[in-house]
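# Descriptive structure summary
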Amino acid sequence: MELRHLRYFVAVAEEGSFNRAAERLHIQQPPLGQQIRDLEYELGVQLFDRSPRSVALNSSGELFLEEARDILRRAQLAVDNVRRFSKGESGRLSVGFTSSASLHVLAPQFLQQFRRAFPLAEIVVEESETYELILALQQQRIDVALLHIDAKRFPELTARALSEEDMLVAVPRSHPYAKAEDKPMTLDMLHGVDMVVYRRTDGPGIFERLTETFRSAGVTPRIVDEVSRIIAAINLVAGGRGLTVVPASMRVLHQESVVYRPLLPGELPPLPLYVAHRADARLALIRNFIDLTEKIAFSSSGTGEVART
């Protein structure tokens, strides 16, 4: 039995005529009649009561009509689903964010506009540390990650820069540096100052870049605490433990107890935001998400280049 047999049967049942059903199906009447007889022979059941002038479903045909319609509906649904999946309009997408990337001004736009553009797709979001997201991409546990490091340095991964943001110095409001909060600072002002750093020993992150810049500038802060997450560092700053350097997107945190001072232009390079994925990713849904993030970021820049935030 083939799907066309079911389509032919449904057409005859609904039209109540072989001639009208043949016209509807754009085939000749004799082949249609033969197809219906073949179907009945395969089933071992008569589906129609026939007379010289009409054809009508019998009780067996009425039962089979319900089943045939359901099979055809589910077959068409399967076709529609696989086509939507192939186009990247449906499926499940897992996106990882670092804590700093999750606070980036573009992050909610990525999620909102993706859901609006692809309402049939399921998007799952998780937050973790840079190294853990890199590992999750390599092991195919997530599909895409928003990071502050270029993942192309890792085997099997690739990345595209979407945006850049300035780095700020987070200062406890009780600290002398907090008094001139709008005045730009220099790196030299951090030499010998109590600082909280956030870095991982098992992988790269934002502070890896900062450490290299400090070393090149001959600046040696006094490290009073070392934590693995940037939000933990800001919490310690809020408690008066010391200073830290953070992306501008983090200034929304603890504003009542932390002053975020800018640095002089050129003191630190801007921090890029990357969208990273496996280089061999072929899933259309992944491609659609990446394309959308690039479109949003570049339209935000107003120049068609990497956006500055």
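Rules used throughout
Residues numbered from 1 in each chain as written. Predicted model: local features only at pLDDT ≥ 70, side-chain atom pairs only at ≥ 80, totals over all residues. Heavy atoms only, no water. Helix = DSSP H or I, 4+ residues; strand = E, 2+ residues; numbered from the N terminus. Contact = heavy atoms within 4.5 Å. Areas by Shrake-Rupley, 256 points an atom, 1.4 Å probe, with all protein chains shown as cover. Lys, Arg positive; Asp, Glu negative; His and termini not counted. Charge placed at Lys NZ, Arg CZ, Asp CG, Glu CD. Pairing = 2+ DSSP bridges. Axes fitted to C-alpha atoms, helices over the stretch in contact; angles between N-to-C directions. Buried < 20%, exposed > 50% of the residue type's maximum accessible area, 1.4 Å probe, protein only. Salt bridge = Lys/Arg side-chain N within 4 Å of Asp/Glu carboxyl O. pLDDT = per-residue confidence, 0-100. Phe/Tyr/Trp six-rings, centres within 6.5 Å; stacked < 30°, edge-to-face > 60°. Core = buried A, V, L, I, M, F, W, Y, C linked by side-chain atoms within 4.5 Å. Parallel < 35°, antiparallel > 145°, perpendicular 65-115°, else oblique. Left-handed = near helix turned anticlockwise from the far one by under 90°. Nonpolar A, V, L, I, M, F, W, Y, C, P; charged D, E, K, R; others polar. Arc of directions from axis to C-beta. Patch = residues over 30% accessible without salt bridge, like charges linked within 9 Å, V, L, I, M, F, W, Y side chains within 5 Å.

## Digging into the overall build of the chain
Within the chain one finds 10 helices and 13 strands. Referenced to the eigenvectors of the C-alpha coordinate spread, the extents of the chain come out at roughly 105 × 35 × 30 Å. Counting only contacts in the chain whose residues sit at least 6 apart along the sequence, the fraction spanning at least 24 positions is 73%. Of the roughly 15900 Å² of accessible surface on the chain, 49% is carried by carbon and sulfur atoms. In the chain, the 37 positive side-chain charges and the 40 negative ones have mean positions that sit 2 Å from each other.

## Description of the sheet that holds strand β7 (residues 167-172)
Across the sheet, 3 strands lie side by side as β10-β7-β11; this open sheet has antiparallel pairing. In this open sheet, the two strands that pair with only one neighbour each are β10 (244-247) and β11 (258-262). The mean angle between the axes of side-by-side strands here comes to 40 degrees, regardless of whether they run parallel or antiparallel. Along the sheet face, helix α9 (residues 230-238) touches β7, β10 and β11 and points at about 130 degrees away from the line of β10.

## A short note on unusual backbone geometry
Positive phi outside glycine occurs at His26, with the angle close to 60 degrees. Following the sequence through the fold, His26 ends up in the loop between α2 (18-25) and α3 (29-43). Among the residues examined, His26 registers a relative accessible area of 73% and is labelled exposed.

## Observations concerning the pattern of salt bridges
Inspection of the entire model under this criterion finds 16 salt bridges. In this structure, the salt-bridge partner of Arg50 is Glu40, at a minimum N-O distance of 2.8 Å. Placement of Arg50 in strand β1 (residues 48-50) and of Glu40 in helix α3 is noted, with a sequence separation of 10 residues between them. In this structure Glu40 comes out as buried when scored by relative accessible area, which is 5%. Between Arg241 and Asp225 there is a salt bridge, with its nearest N and O atoms 2.6 Å apart. Taken together, the residues Arg241 in the loop between α9 and β10 and Asp225 in strand β9 (residues 222-227) connect sequence positions 16 residues apart. Asp225 sits in the partly exposed class, given a relative accessible area of 25%. Through salt bridges with shared partners, one network takes in Glu14, Glu15, Arg20, Arg24 and Arg69.

## Observations concerning the confidence of the model for the chain
The share of residues in the chain with pLDDT of 70 or more is 95%, and the mean pLDDT across the chain is 88. The least confident element of the chain, judged by mean pLDDT, is strand β13 (residues 307-308) at 58; the most confident is β11 at 95.

## Considering the packing of aromatic side chains
Overall, the coordinates contain 5 aromatic pairs when judged by the stated rule. An aromatic cluster of at least three residues, connected via ring pairs, comprises Phe9, Phe18, Phe48 and Phe64.

## Focus: the nonpolar core
By size, the foremost hydrophobic cluster in this structure holds 35 residues, and its most contacted members are Met167, Leu190, Tyr198, Leu210 and Val245. Sorting the residues of this core by element identifies β7, β8 (194-198), α8 (206-217), α9, β10 and β11 as the ones contributing at least two each. Ranked by the residues each element gives to this core, the list is headed by β7, at 5 residues. Ignoring any residue separated from it by four or fewer positions in sequence, one finds Met167 in contact with Tyr198, Ile206, Leu210, Val245, Val246, Pro247, Leu263, Leu268, Pro269 and Leu271. Counting 25 residues, the second largest nonpolar core, distinct from the first, contains Phe110, Ile286, Ala297 and Phe298.

## Focus on the packing of helix α1 (residues 3-15) against helix α4 (residues 59-86)
For the pair α1 and α4, the least separation of the axes is 9 Å and the interaxial angle reads 130 degrees. It follows that α1 is oblique to α4 by the angle criterion. In this structure, α1 meets α4 at a crossing whose hand is left-handed. Of α4, the residues touching α1 (which contributes Leu3, Leu6, Arg7, Phe9, Val10, Ala13 and Glu14) are Gly61, Phe64, Leu65, Ala68, Arg69, Ile71, Leu72 and Ala75. Across the contact of α1 with α4, the residue classes break down as 11 nonpolar, 1 polar and 3 charged.

## What about the side chain of Gln35?
Within the fold, Gln35 resides in helix α3. Every residue in contact with Gln35, bar those within four places of it in the chain, is listed here: Arg4, His5 and Tyr8.

## A word on helix α6 (residues 107-117)
All buried positions along α6 are accounted for by Ala107, Phe110, Leu111 and Phe114. For α6, the buried positions fall inside an angular range of 90 degrees around the axis, keeping them on one side.

## Notes on a nonpolar patch on the surface
Judged by side-chain polarity, Met1, Leu43 and Val45 come together as a nonpolar surface patch covering roughly 220 Å² of accessible area. Note on placement: Leu43 falls in helix α3. Take Leu43: its relative accessible area is 30%, and that puts it in the partly exposed class.

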